[in-house]
Structure formats: C-alpha cells, structure tokens
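Each chain is listed here by its residues.
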Amino acid sequence: MAVAHVSTTAYEQTTNAASKTIASYVVSSGSNRALIVTVALEVDARTVSGITFNTTEAFTLKSAHTYTPGSGPQFRIEVWRLLAPSVTTASIVISLAGGTATFSGGVHQLTGVDQTTPLGTAVTSGAATANPSVTVADGSTGDLVLDILQESVGVATVGAGQTLGYDNTGLSFYFTHGSREAGAASVAMSWTMSAGERHLVAINIFQVSTPAVVDHLLPAFSQLAGGGKMIGRRYV
C-alpha cells in the first residue's frame, strides 16, 4: 500500500507565544493513518516540548535540527509524528519549552504509512546560499518525501517534481515553505531562491511493508515414505 496524501494544513504563530492551537482539525478515515507536523522556530533557545491531538493523543519527536546563521535568530526545524490518530474533529496543540516564540509549519495527513517504521532519517542543509537542495536516499517507490524550507529571503519556488504544500510568509524574520514528492530510491528536494540564509529539512515516509510470500505447498507430485504418493495436496 503506497503512502497517500490526504491534506496539508499550514499554520503560523505570528506573535510571541508559548503554544499554538490548530482548532477543529479533521482526521478522515483511512488505513494506516499518520499525522506529520513540522515546526520551524525563529527564536534562540526555544524547542517544542510536546504536541497533542484530541487532548490526549501525543505526538512523538522524530528529528530536530538547528542552523546558526551569520546574523539573526537561530533556525530550528522539528518533525513530529502521530500514528493512528482518532477519526474525529479536534484541536492540535503545539507547546514550547524555554519561553515564547514565533513559529510556523504544516500538518500533513497521510494514509498507507508503515506503523512500525513510519519515517526515515531526515536530511538537512543550512547555509547562506541560493537554491537549496538535499537528497533523500532511504526510500522506494510507493513512499512519500516531505520537506520544509525555512529562509530569510521571502520568496522561494518549489523544485521540479514537487507539489507545493504551503507558503508561510507572515513571520518577522524567517519564512517557511513545504512540499512533497513521490518516493524513490533517490529523491532530490530543491527550491529556487536568491542567496540568503536558509535551512532545508527533508524526510522519507515509509509505506506499509508487504510481507514476503513464502510458498509452503508441496510439489504437485511427491513420493512419500511407505510408498504413498502426494498429488497436489491429496494423498493417494
């Protein structure tokens, strides 16, 4: 079963706050559901302390990456996931540690996600250059690659083969953009933008594993001990 994209919801916390509530978020029915939340913070020494859905369903932190620019606040991107969320309408609450901050990102709703090993290893790149790109190389056909770009220029164009999920441009210092692309053995996630501070993170979402099929049937004709014969699955 391939990973299927259900929806992407952008969010922005444009004033300093210790949390962000995404109200009335709808989880649709589907097999092997998952929610992936990306969070890009633009204040030093701030992290996400936790994310919940429907009050009690807690997300798990998959990866966190920081990049320190030549000037301005530290870039930080975190990726969180929740497997098998309840099919309901409820709030997603993102809570911070270390104080208040402005932050933004996206919520990706998916089906067909492996419930044992849902996410791969995040690939990241931070620099003060144009046209950022990273390559995700731990996936296969049927997977899905997600990325989030945090940048200081304000305008970024999604790369070839990628589908734009959101452009968040309401924060004071940095802007965030998200996209997705069908999985493969090697997937390049890229953006076209002018030279400027930027931080790009991409990660593979694994499809549900298909168990190997082992044929335990006997050959169509077998000579058995005692002189009997097995034809197909019938003893004669």
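Predicted model, so just to flag it, every value in this text is computed and none were measured. (Residues numbered from 1 in each chain as written. Predicted model: local features only at pLDDT ≥ 70, side-chain atom pairs only at ≥ 80, totals over all residues. Heavy atoms only, no water.)

Asks: Hey, could you run me through the confidence of the model for the chain in this one?
Replies: The predicted coordinates of low-pLDDT regions are not to be read in fine detail. Mean pLDDT over the chain stands at 91; residues scoring 70 or higher make up 89%. Contacts of residues 230-236 to residues separated by more than four positions or lying in other chains number 18 contacts, the stretch itself having pLDDT below 50. (pLDDT = per-residue confidence, 0-100. Contact = heavy atoms within 4.5 Å.)

Asks: Looking at this structure, I do not really get unusual backbone geometry. What am I missing?
Replies: Negative phi characterises most residues that are not glycine, and trans characterises most peptide bonds. Backbone geometry places S24, a non-glycine residue, at a positive phi of 55°. Within the secondary structure layout, S24 lies in strand β2 (residues 19-26). The exposed category is assigned to S24, whose relative accessible area is 55%. At T55, a residue that is not glycine, the phi angle is positive and equals roughly 75°. Tracing the backbone through its elements, the reader meets T55 in the loop between β4 (47-53) and β5 (57-58). (Helix = DSSP H or I, 4+ residues; strand = E, 2+ residues; numbered from the N terminus. Buried < 20%, exposed > 50% of the residue type's maximum accessible area, 1.4 Å probe, protein only.)

Asks: Would you mind showing me how to read the sheet that holds strand β8 (residues 89-97) here?
Replies: The strands making up a sheet are joined through hydrogen bonds of the backbone, oriented either antiparallel or parallel. Spatially, β2-β8-β4-β5 is the arrangement adopted by the four strands of the open sheet, whose pairing is antiparallel. At either margin of the open sheet sits one strand with a lone partner, and together these are β2 and β5. Of the pairings in the sheet, the one linking β4 to β5 comprises two bridges and is antiparallel in character. Bridge pairing links T52 to A58 in β5. (Pairing = 2+ DSSP bridges.)

Asks: For this particular structure, what's the right way to read the side chain of H177?
Replies: With respect to the helices and strands, the residue H177 is situated in strand β15 (residues 175-182). In this structure the side chain of H177 is engaged in a polar contact, spanning 2.6 Å, whose partner is the side chain of E151. In terms of polar contacts, H177 uses its side chain to reach the side chain of D167, at 2.5 Å. What H177 contacts, discounting residues up to four positions off in sequence, is D147, I148, L149, E151, G154, A156, Y166, D167 and W191. (Polar contact = N/O pair within 3.5 Å; in protein donor to acceptor, adjacent residues only side chain to side chain.)

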